[in-house]
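Structural description and commentary
Residue strings, one per chain:
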Amino acid sequence: MNGSDRSGESGWVWGVIDKLAHPTKYPLYLLFLIFLFYALMDLLLTFIEYGEIEGWALPQYHFIIGYLTCAIYFKLVLPEFVNHKRRLRAIVYFLLLFSILVAVKLWVHNVFLGTISLSKSFLVDEFSRLFNFLILTSVVWAYYNNLELGKSKYDVEIKHEQLKVMHRSMQLSSHFVLNSLSIYLSKIIKLSPALGMEFSNLISLLRYSFKEFGEPNFLNEEVKAVDKYLQIQQMRFPKLSLFAVIEVPPIAKMLPMPKLCLLTLVENVFFHGDYSDVDHPCSIKFLLVQEEPSKKWGFRVHIANRVQNSGIKPRSGFGASAVFRVLEHEFGDGFHYSVESDESTYSLQLTIHYGKTIQNRAD
């Protein structure tokens, strides 16, 4: 092997480029840029006022030691004081940090810049200078801390919604149920092949519902489950008034889709909708298309139905709003939806932009 592995070097270079291009993603880097901008502005204004800048070492020294102090304050003191509620420890850290700052500045002054002694005026000057920068640092930290708290809260809510779904799936052993139903199917199909086919739809739907949530799930699996569900509902309700269009090409087997999300939206049609009104049939459309001119894959859902007026049914706790949150968590900016609803009608438009990224799946 004559070549060398440069993947680590390449990853480091791309990491630096990403940091330079997106400073807001890295709070300490953003803080560094703010301090650097302040230092450059201070030098520029000094030059404008006096026409020259004397003693370049002093501003550089103030910039370096000031930034390092604020960075430690950012990463250690503020989290201890605010997040962990260890106020006394945070105060001790701050006093220790300030003491180290004073000691380092005295040492630098006496070695490189001229003799200076520890005095009340020196301490007041250093603290007042540091105080201004600590206020700025605290503002930046509060901004990022609020972002992290919001993200953590959102992740907890999503996990809670997923836990609800998993709780709904906690029934008898899936192997016991499916194996038992398969035995019944083998007996039923001998007596009535047509009834056996209908019964197999139920088994397929149950098998999908028992699938572990940690396993990868794909759009074609969810669409097939919806199709089986609609066939079962057609058998249950002979007067069902439903117009369904499902056009999903084979590429759907490589596109991710959280389990039970589409099925829950369709289930809501039968839970809240009037699915027997011949003059106003329920409409369900699933279309996976390549969007022009980008040729990126987009999945579109349209559901419309009349709303039942026979009282309010109890809610399961996992409805359309939870589905929207799960899909937004999964697809981010690639997910969009709109709902139009009143006392008589309900309409949902949902779009997932998959882009060109395709997930691989095992056969």
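This is a predicted model, so every value here is computed, not measured. (Residues numbered from 1 in each chain as written. Predicted model: local features only at pLDDT ≥ 70, side-chain atom pairs only at ≥ 80, totals over all residues. Heavy atoms only, no water.)

With that out of the way, let us pick up the pairing of strand S1 (residues 242-247). Sheet topology note: the S1/strand S2 (residues 282-291) ladder contains six bridges and is parallel. If you follow phenylalanine 243 over to S2, its bridge partner there is serine 283. Following the chain from S1 across helix H9 (residues 261-272) to the adjacent parallel S2, one finds a crossover that is left-handed. (Pairing = 2+ DSSP bridges. Helix = DSSP H or I, 4+ residues; strand = E, 2+ residues; numbered from the N terminus. Right-handed = clockwise from strand over helix to strand, strands pointing away.)

All told, the structure shown has two salt bridges when counted by the stated rule. Across the pair arginine 86 and glutamate 80 runs a salt bridge whose closest N-O atoms are separated by 2.7 Å. Here arginine 86 falls in the partly exposed class, since its relative accessible area comes to 34%. On the basis of relative accessible area, glutamate 80 is assigned to the buried category, the value being 8%. Where glutamate 221 meets lysine 211, a salt bridge forms, and the shortest distance between an N and an O atom there is 2.8 Å. You can see glutamate 221 sitting in helix H8 (residues 219-236) and its partner lysine 211 sitting in the loop between helix H7 (193-209) and H8, a full 10 residues away along the chain. Its relative accessible area of 15% is what places lysine 211 among the buried residues. (Salt bridge = Lys/Arg side-chain N within 4 Å of Asp/Glu carboxyl O. Buried < 20%, exposed > 50% of the residue type's maximum accessible area, 1.4 Å probe, protein only.)

A separate point is the sheet that holds S1. Pairing within the open sheet is mixed, and its five strands lie in the order S1-S2-S3-S5-S4. On the outer flanks of this sheet lie S1 and strand S4 (335-341), each paired with one strand and no other. With direction set aside, neighbouring strand axes in the sheet form an average angle of 10°. Bridge analysis of strand S3 (residues 296-306) against strand S5 (residues 345-355) gives 10 bridges, and the strand direction is antiparallel. Following the sheet pairing, asparagine 305 is matched in S5 by tyrosine 346. In this fold helix H10 (residues 320-331) packs onto S4 and S5, with an angle of close to 15° to the strand it touches most, S5. (Axes fitted to C-alpha atoms, helices over the stretch in contact; angles between N-to-C directions. Contact = heavy atoms within 4.5 Å.)

Relative to each other, H7 and H8 sit at 140°, their axes nearing to 9 Å. Considering their axes alone, H7 and H8 lie oblique with respect to each other. In this structure, H7 crosses over H8, and the sense of that crossing is left-handed. Across from Glu198, Asn201, Leu202, Ser204, Leu205 and Tyr208 in H7, the residues of H8 making contact are Glu221, Glu222, Ala225, Lys228, Tyr229, Gln231, Ile232 and Met235. (Parallel < 35°, antiparallel > 145°, perpendicular 65-115°, else oblique. Left-handed = near helix turned anticlockwise from the far one by under 90°.)

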